[in-house]
Each structure stands twice: as structure tokens, then as C-alpha cells.
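# Structure at a glance
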Amino acid sequence: MNDPQPLEEEAYDMSGARVALVLCVTKAREGSEADLVALEGMFQQLGFESTIKRDPTAQQFQEELENFQQAIDARKDFVSCAFVVLMAHGLEGHLKGEDEQMVELENLFEVLNNKNCRALRAKPKVYIVQACRGEQRDPGEAVGGDNIKMITKDYHPTIPTFTDFLHVYSTVEGYIAYRHDKDGSCFIQTLVDVFTKRRGPILELLTEVTRRMAEAELVQEGEPRKVNPEIESTLRKRLYLQ
């Protein structure tokens, strides 16, 4: 047998501007200010130009994303990466605005895709979603095709519309997310701690976030709970933040 060869490591160019948008509903979400403080410090340390908007309505979620996209496309300098942090009450596929109306996450994701945001074409776009995705609670468990052709050469280079995305959810589909009234959410606080104190490709950093959250013991109304984030990636290269 031939010896397996290591993967060629190709990383995104992070030498240009880094931009971030945080949209957070604080109404009836105690502890969210602690998350905002942590995120602001993280983005400052990682060299991002960040904007925080509090208490957007459902319509304003969409409008703020579109304004963000337009501002990025209007820039004259090179933009390396964009982060979008969305924090609100939610159900699977939806976020609840300050006005109690719902906005679809897919509509928010589409704003920065390779078709709609030229400046971020083939650049990493990271969405971090701190919101419930259902009402289920996890108490934890005791540990004990031939017709498809790949076309890779001799064709005009194009890029799929939905590559270079990274979606990071605070919990898995169908389950609630947790937030402490004073200390903020376990997800955001853990993510900020790892992103600011560890160095490596972002997917490896997120594996560490998952490990820590899986080991954490949460208690809600006297009952033990477990929670872990869920990661969806179409990144084509490694993404280093520092």
C-alpha cells in the first residue's frame, strides 16, 4: 500500500480588513450584555472592525445585514473576512426580533453569499447564532453514485454560490440554548475564551469549544442539562484568526 500523503495546507489570506456585525436582541434576554462585552473585546483583540446593533426588529435584522453587505462592497480596500453574530430568541430556522416577529435565517445567510456580496466572493463568511432552535432539552447520556462526474480541470474557473461559509449554532436542531442571567451564554463565553486564548484553524478552535461545552454541567430549574454547538462549514481553506 502507498503511504497516505498529508493534506496540502492552504489558508485564507487574512492580511486585509476584517469586519464584524453583531445584532443582539437584549429584550427579555438577561445576560446578553455580558455576551456583547465579551464579543466586543474578542473582535478588538482579533483586529476586526465591529459594529453592534441592539434590539433589532425582524425587519431590521434583514436591513442591517443588507447595509453591512453594501458597506463591504463599497469599500476600496481589500476585505479578508466577515463575521456576523446573531443573538435572539428563536426556533429552528428563525430568529425573533425585538418586535416579536420572525425572520428567516436563510434570508440572512443569503445576503453575504458569493453571488450577492462581490467583495466577499471566495472569502470566509462566519455566522455565529446564539438562539434556541426548538424546545427540546438534553439531559445528557451516560458515557459507556456512478453517474456523477467530478470536473476539476480544463474548465473556466467558477465558484459555487454557497462556498466559504461557516455557520456556528449555539445548539443543535430542535433544542433550546442556555443563557445565564448575569454571566451570559455558555456558548458565547466559551467561544470568546477559546478564540482569544488559543491559536489554530477556526474549525479546530470550534472543536475545542464543543469539547468544553460537552463537558460543562448546566443546571436549569434544578435539572441537569447538556448542550453542544453545531457547525456547518463550506470553507475551502483553513481560516486563522491569529
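Residues numbered from 1 in each chain as written. Predicted model: local features only at pLDDT ≥ 70, side-chain atom pairs only at ≥ 80, totals over all residues. Heavy atoms only, no water.

### What about the overall build of the protein?
- A count of helices and strands for the protein gives five helices and 15 strands.
- For 242 residues, the compact-globule estimate of 2.2 N^0.38 gives 18 Å, and the protein sits close to it at 19 Å.
- In the protein, which comprises 242 residues, the share counted as buried stands at 44%.
- Of the roughly 13,700 Å² that the protein leaves accessible, carbon and sulfur atoms contribute 47%.
- Here the protein contributes 29 positively and 41 negatively charged side chains, and the mean placements of these two sets differ by 5 Å. (Helix = DSSP H or I, 4+ residues; strand = E, 2+ residues; numbered from the N terminus. Rg over C-alpha atoms; globule rule 2.2 N^0.38 Å. Buried < 20%, exposed > 50% of the residue type's maximum accessible area, 1.4 Å probe, protein only. Areas by Shrake-Rupley, 256 points an atom, 1.4 Å probe, with all protein chains shown as cover. Lys, Arg positive; Asp, Glu negative; His and termini not counted. Charge placed at Lys NZ, Arg CZ, Asp CG, Glu CD.)

### What about the packing of helix α1 (residues 32-45) against helix α4 (residues 186-197)?
- Two numbers describe how α1 lies on α4: the axes approach to 10 Å, and their chain directions differ by 15 degrees. Comparing their axes, α4 and α1 come out roughly parallel. Here the hand of the crossing between α1 and α4 comes out left-handed. Residues Ala34, Asp35, Ala38, Leu39, Met42 and Gln45 of α1 lie in contact with α4, whose contacting residues are Ile188, Gln189, Leu191, Val192, Phe195 and Thr196.
- By residue class, the composition of the contact of α1 with α4 is eight nonpolar, three polar and one charged. (Axes fitted to C-alpha atoms, helices over the stretch in contact; angles between N-to-C directions. Parallel < 35°, antiparallel > 145°, perpendicular 65-115°, else oblique. Left-handed = near helix turned anticlockwise from the far one by under 90°. Contact = heavy atoms within 4.5 Å. Nonpolar A, V, L, I, M, F, W, Y, C, P; charged D, E, K, R; others polar.)

### Some words on α1
- If you check α1, its first and last C-alpha atoms are 20 Å apart, about what 14 residues at 1.5 Å a residue would give, namely 20 Å.
- Residues of α1 that are buried: Ser32, Asp35, Leu36, Ala38, Leu39, Met42 and Phe43. The arc that holds the buried residues of α1, viewed along the axis, is 165 degrees, so those residues lie on one side. The outward face of α1, more than 90 degrees from its buried face, is lined by the exposed residues Val37 and Gln44.
- Structurally, α1 contributes buried residues whose contacts are with β1 (17-24), β2 (49-54), β3 (79-87), β11 (179-180), β12 (184-185) and α4.
- Count one or two residues on from α1 and you reach Gly47, which has phi positive near 80 degrees. (Expected span 1.5 Å × (residues − 1). Arc of directions from axis to C-beta.)

### Some thoughts on a negative patch on the surface
- A surface patch of negative charge is lined by Glu104, Glu106, Glu110, Glu173 and Glu232.
- Structurally, Glu106 is set in helix α3 (residues 105-110).
- Overall, Glu106 belongs to the partly exposed group, its relative accessible area being 48%. (Patch = residues over 30% accessible without salt bridge, like charges linked within 9 Å, V, L, I, M, F, W, Y side chains within 5 Å. Salt bridge = Lys/Arg side-chain N within 4 Å of Asp/Glu carboxyl O.)

### Looking at the layout of surface pockets
- In this structure, the largest pocket spans a volume of roughly 380 Å³.
- Along its surface, the largest pocket is lined by 19 residues, and Ala177, Tyr178, Arg179, His180 and Gln220 are the ones closest to its centre.
- For the lining of the largest pocket, the secondary structure elements donating two or more residues are β4 (89-91), β8 (134-136), β11, β12, α4 and β13 (218-220).
- When residues of the lining of the largest pocket are assigned to their parent elements, the largest contribution, three residues, is made by β13.
- For the lining of the largest pocket, a count of residues per class yields eight nonpolar, seven polar and four charged. (1 Å grid on protein atoms, 1.4 Å probe; cavity = no way out; pocket = protein on both sides within 12 Å on 5 of 7 lines; lining within 4 Å. Points joined across faces, edges and corners; volume = space filled by probe spheres on them.)

None of the figures reported here should be taken as evidence of function without further support.
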